[in-house]
Structures are given as C-alpha cells and as structure tokens.
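Structure assessment
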Amino acid sequence: MKEIMKKEIEGKSYAAAVYLRLSKEDGDVCDDSRKEESNSITNQKRLIHDFLKGREDIRVFKEYVDDGYTGSDFLRPSFQEMIKDMEAGKVNLIIVKDLSRFGREYIEAGRYLQKIFPAAGVRFIAVTDHYDSLTADRTEKNIVIPVKNFVNDAYSADLSAKIKSHLESKRGNGEYTGAYVSYGFIKDSSNHNRIMADPVAGENVKLIFQWKLDGMSNSRIAEKLNALGIPAPADYKRSLGIRYQSGFQKNLYSRWSPVAVGRILSNPLCKGLVVQGKKERINHKIKNMVAKPESEQSRYRQDDLALIGEKQFDTMQGLLKKDTRTNPGQEAAYLFSGILYCPDCGRQMIRRKTTHKGKQTIFYICKTYNVERRCTRHSIKEQELAALVTQAIKAQVQMMADMDETMRVVEAAIEGMQTFSLADIRLPELEKELTENAAMLSGLYTDWMEGILSEEEYEEMKMFYSGRCEELEGQIKKRRERAGKAVEAVREAKQWLVSFKDTGSLLSGTEEEIRRSLICSLFEKIWVYEGKRVEFSFLYQDRMAKVYALCGMSKETRKEQLLYKKGTV
C-alpha cells in the first residue's frame, strides 16, 4: 500500500503556494527575541525553501505574505488571495512553516484542513509539525491536527489577555500605547511611550483654535489651511517618515476637511489631558470594537502637552455645540452667532437684515416666532445690543480691578494648599485602628478552639469586630477619596486662575469695537427679553464659585485639624 502511495506521489507534480505570516504579537509582548526571529518572514521562507530542495515534483507558484496580521482572523489579504488562486486551480499544494503560521482559530483552521482542502484536492504541508496531508494516517488527521489547532487557538486567547493586561499596566503608569498620536503631537524619539507637543504642527493647532474663536466655520478654516499650503495631518505624518495609513484617505494627497478641523478642536490632548483605552475588542476572535465607559478609560494629565489653556478649550467645546454656520462666501460667523437666546422658549435668536429708504438695519429675533409665529418677537437691533454688551464688558473690567486684591488672596490660599493640609489628619489613626481590629478578628477563632472563648462569646465578638472593620474601611475610603478630589481641585483651580488672569488682560485692552473672540471667551449665553432687556451668563461664574468653595474647604479642614489636636473632636 505504501509503495503504491509512493509511486502516486512521485508521479504527480505540484504548483505550491508558500504561505508566510508574522503577527505583531509574536514578539512585542513576550520580549523573546529568539522567538521573534524564529517566526520572522525571512526565517520561514528559508526553512520552507530548504525543505523543498531536491523535490522536483514541487515548483513554487507564488509566495503569499501577511506581515503584521493576527492568526485568529482568516480575512488576511494574502491568505484570501491564495484561496482565490486555489479555487481557480492555479495551486494544488499549500505549504507553511507550522500550523500556527496558517492560523490560530481552531474551528476555522480545522474546516480548511479537513474539509475545504481535501474537497479541492489540495495537499497541505506544515514543515516543522512534520505534517503532510498526503501521507498522514487517520490518527494524525482526526486527533493530532485538531488538538494542535486547539492549542494554537488557546495560545492566541491567552496572548490576547496578556496584551490587554500589559497595555493597561503601561497606561496606568502614564505611558502612551497608541500606534500613532494626534496631529499637533509627536512621540519622543528616545521613548516611544512618551508624547510631546510638536513645535511645528502645534502652532497650526493654536491657529485653528484662534480662527474658530474669531468666528470662522470649520469649512472656512479647512479652506484657509489648504490655501496656505499647510499639509493635512496624514501628509504631515508621512513627511516626518511615519508609516501612517488611514481608512479615511482616498487620494494620493490628502486635504484639510471640516471633519479634520472638528477632531482637532474637540481633542482633549490639546489641553494636556491624555485619554486612552476608549475602545476594546469583544474578544480575540472578533475585530469589532466597543466603546468603554469613561470610568474604565485611562485618563491622566501631562501639563507640558497643553497647547491650549483649559478655559479656552472648555469655551471651545461649548462653542462647537452652538449653531455658528455661516452664509456662502462669508468669512466668519456673525458677532453674536450662537450666543443669543430667547428666555421664554429657550431657542437661539436669529439675525435678520432689512433695508428701508437705502438704510440698512440689522436686528435679532426669536427663531420660534420668526419660523412658527409662536412665542414673541424679543427683537433687538444689533447696534443696541452691541452697546449693552460693551457696557457689560466695561463693568467686568471694573469688577476685575476691584477684586484684584481678592484674587491675590485667593491665589495665595490655593498656592499654600498642600496635600497634607487637605487630607484628614485622622486617616493614619483610622488605618491603625483597622489593623488592630482585623488582628483581633483573626485571633478569635484560635481563642475559641483553645477554649478561651465560648461559642456564644465567639459569635458575639466576631460580629462586633467584623462590623467595626467594615465601618472603618468605609470611613478610610471616603476620606481618601476626599483628599484625592481636593488635590485635583487645587491643580484645576491653579490652572483656571492663570486663564482667568488672561481674560482680565484681554478685557483691559478692549477697544471700542467688540471682537467675537472676546465675546466667546467671556459669555456663555446672552438672554434677550421683551422690552430690549438683556441678561448675561458669564463662562467663569461656576468656576469662580468652585475656587471660593475650595478655599472654604481648606479653612474647614484646618479648623477640624486644630480642634482634633486640642481633643475637642
């Protein structure tokens, strides 16, 4: 029987498809350079060609290479090309280094090896696994191959879990794990897990923010960037030698688009907030990504990244939600676009223009009234509104001058706040008490077994110490959270005070003509009532209240500490 099979093999010629695959996971996580080298494309190719030396019945039709593709997915481009060539009758032999190079998903791998290839009359060879479908006996086909495929699949699942854990650990240590970084930032050449502001693209990001604050639409900003010849993000990355690929680009050279501008304006990295791990794969077999809740994402600050002040960035996020579309051919949004609101229906006011006897009048009117004839007019002329806004700005200038001394006191108080002054002085004592109660609880069982305690005493004391430990753990957790929030609040308050002073300097240089950038930096909303009465909602009101609350919190904490030291708490 074996002689007949040998003659049959010798009498048939094969057009071979040499399949080579290397996944990024094969070396990155394990940190095993020997393993990475043994799996390299060059090594696979050399090993297979050494195996084919002297085999005149086999000629290589083509080599199919998938470099950087996982083995748990069979939708690899070169693999699919090989299957199409097989179905077209161009190849009748597939040869790989080992079964793991062919694939790591055991069900799909088994389907190819036990059904698809035999049905198509295709021979399969895995060199280092010493498997040849033409000479394999029944035991190898039905037991050995499924077991090896299952092991490979289990390895892939384990590797996926290790990679996920590895990346989460790096993010927790403040390391950047992304393949690419957003426009305006670059990876540190000496440490690819650290990012920093790009001195060239970073300046363009600042320009984009300023243009938006000046009233330009995203479309107009994109047009201006293209007109100035500033390379779009994808082209700029490639000009730096970064092997960047994007599914968004369709042409050889990319251009700035309103969407690209919007991504930059809403990117928290611009204010120094690094957000990672926003999405994750369902499992190692499914490519689809699902969004993770914010509480499970990695979020940390790196202040040297901030291209834009936090106040300016937050102002921008509010501005992006407003309707600031411009008419065709218009350079920028109108002075009050997206700022004026009707207090009765809550909708934005719209700008209207009339001409009577050659005289042009610009006014704002409630959108609900104008479109649906519901609500009331709430009409006000732009000139009258500008005069009222100018008065409000001048009042703010005076207020800031009057509260200059107050601001210095607040700033000094915040500067003087340290972690120890905001942390609870009782925390070390509570932790010590918890340790003592836990020790008592653990020793009760021994005392009961030795007859020191009766069963009734044991149960009673166990309940007491368990309850006390639980109570202490709750208090410690609450106090630690309070201290952590206080430290973060101090950091935010310091940063906000700097931006608040910047607003003050901006106000002090106000000219007769109001600038849109100033309006967007100062006002959250302007409410227009009937009778031309106007009410202003300032952006900094809530933040200022938080700063004062923080100062009050510091005083209360210090007061509690003093009382505790005196023994009155």
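1. What to know about the overall build of the protein
A count of helical and extended segments in the protein gives 21 helices and 17 strands. Taking all 569 residues of the protein together, the buried fraction comes to 41%. Sequence separation of 24 or more characterises 67% of the internal contacts of the protein that already satisfy a separation of 6 or more. When the accessible surface of the protein is totalled, it reaches about 32600 Å², and 52% of it is carbon and sulfur.

2. Details of the sheet that holds strand S2 (residues 58-67)
Reading across from one edge, S2-S1-S3-S4-S5 is the order of the five strands in this open sheet, with mixed pairing throughout. Bordering the open sheet on either side are S2 and strand S5 (131-132), each of which pairs with just one other strand. Across two bridges, the pairing between strand S4 (residues 123-126) and S5 is antiparallel. Pairing of Ile-125 across the sheet is with Asp-132, part of S5. Relative to the sheet, helix H4 (residues 41-52) contacts strand S1 (14-22), S2, strand S3 (93-96) and S4, its axis offset from that of S1 by approximately 155°.

3. Topic: the packing of aromatic side chains
Throughout the structure, instances matching the rule amount to 20 aromatic pairs. Each ring, one from Tyr-183 and one from Tyr-236, has its centre 5.8 Å from the other, and the planes form 75°; the classification is edge-to-face. With Tyr-183 in the loop between helix H8 (138-172) and strand S6 (185-188) and Tyr-236 in helix H11 (residues 233-239), this residue pair connects regions lying 53 residues apart in the sequence. Ring plane angle 85° and centroid distance 5.3 Å describe the contact between Tyr-183 and Trp-256, whose orientation is recorded as edge-to-face. With a gap of 73 residues between them, Tyr-183 in the loop between H8 and S6 and Trp-256 in the loop between H11 and helix H12 (258-265) connect regions that are remote in the sequence. Take Tyr-183: its relative accessible area is 6%, and that puts it in the buried class. Aromatic rings pair up to connect Tyr-19, Phe-74, Phe-79, Phe-102, Tyr-112, Phe-117, Phe-124 and Tyr-131 into one cluster. In this structure, Arg-55 is placed above the aromatic ring of Phe-51, and the distance from its NZ or CZ to the ring centre is 4.1 Å.

4. A short note on the nonpolar core
Within soluble globular proteins, side chains that are nonpolar tend to cluster in buried spots. In this structure, Tyr-183, Ile-208, Phe-209, Leu-225, Trp-256 and Val-261 are the most contacted members of the largest nonpolar core, which totals 34 residues. If you list the elements that add at least two residues to this core, you get helix H9 (201-213), helix H10 (218-227), H12 and helix H13 (310-320). When residues of this core are assigned to their parent elements, the largest contribution, six residues, is made by H9. Not counting chain neighbours up to four residues away, the residues in contact with Ile-208 comprise Ile-221, Leu-225, Trp-256, Val-261, Ile-264 and Leu-265. Membership of the second largest hydrophobic core comes to 24 residues, among which are Phe-336, Ile-339, Ile-393 and Phe-538.

5. Section: the packing of H9 against H12
Between H9 and H12, the shortest axis-to-axis distance is 10 Å and the interhelical angle comes to 100°. Judged on the interaxial angle alone, H12 and H9 are roughly perpendicular. Here H9 contributes Val-205, Ile-208, Phe-209 and Lys-212 to the contact with H12, which in turn contributes Val-261, Ile-264 and Leu-265.

6. Quick notes on the sheet that holds strand S14 (residues 359-366)
The strands making up a sheet associate through backbone hydrogen bonding, with each pair oriented either parallel or antiparallel. In space, the three strands of this open sheet follow the order S13-S14-S15, with antiparallel pairing throughout. Two strands in the sheet have a free side with no partner beyond their single neighbour: strand S13 (349-356) and strand S15 (380-381). Both S13 and S14 contribute to a ladder of eight bridges, which runs antiparallel. From the neighbouring strand, His-356 faces S14, where its bridge partner is Lys-359.

7. Points about the environment of Thr-435
In this structure, Thr-435 sits in helix H18 (residues 427-449). With a relative accessible area of 55%, Thr-435 lands in the exposed category. There is a polar contact of 3.0 Å between the side chain of Thr-435 and the backbone oxygen of Glu-431.

8. Observations regarding H12
Every buried residue of H12 is listed here: Ala-260, Val-261, Gly-262, Ile-264 and Leu-265. Where H12 is buried, its residues contact H9, H10 and H13.

9. Topic: the pairing of strand S7 (residues 191-197)
Put simply, side chains in a regular strand alternate between the two faces of the sheet. Here S6 runs beside S7; their pairing, made up of four bridges, is antiparallel. When the bridges of S7 are listed, Lys-187 appears paired with Ile-195. Once S6 ends, the chain turns through two residues before running back antiparallel as S7.

What counts as what
Residues numbered from 1 in each chain as written. Predicted model: local features only at pLDDT ≥ 70, side-chain atom pairs only at ≥ 80, totals over all residues. Heavy atoms only, no water. Helix = DSSP H or I, 4+ residues; strand = E, 2+ residues; numbered from the N terminus. Buried < 20%, exposed > 50% of the residue type's maximum accessible area, 1.4 Å probe, protein only. Contact = heavy atoms within 4.5 Å. Areas by Shrake-Rupley, 256 points an atom, 1.4 Å probe, with all protein chains shown as cover. Pairing = 2+ DSSP bridges. Axes fitted to C-alpha atoms, helices over the stretch in contact; angles between N-to-C directions. Phe/Tyr/Trp six-rings, centres within 6.5 Å; stacked < 30°, edge-to-face > 60°. Lys NZ or Arg CZ within 6 Å of the ring centre and 35° of its normal. Core = buried A, V, L, I, M, F, W, Y, C linked by side-chain atoms within 4.5 Å. Parallel < 35°, antiparallel > 145°, perpendicular 65-115°, else oblique. Polar contact = N/O pair within 3.5 Å; in protein donor to acceptor, adjacent residues only side chain to side chain.

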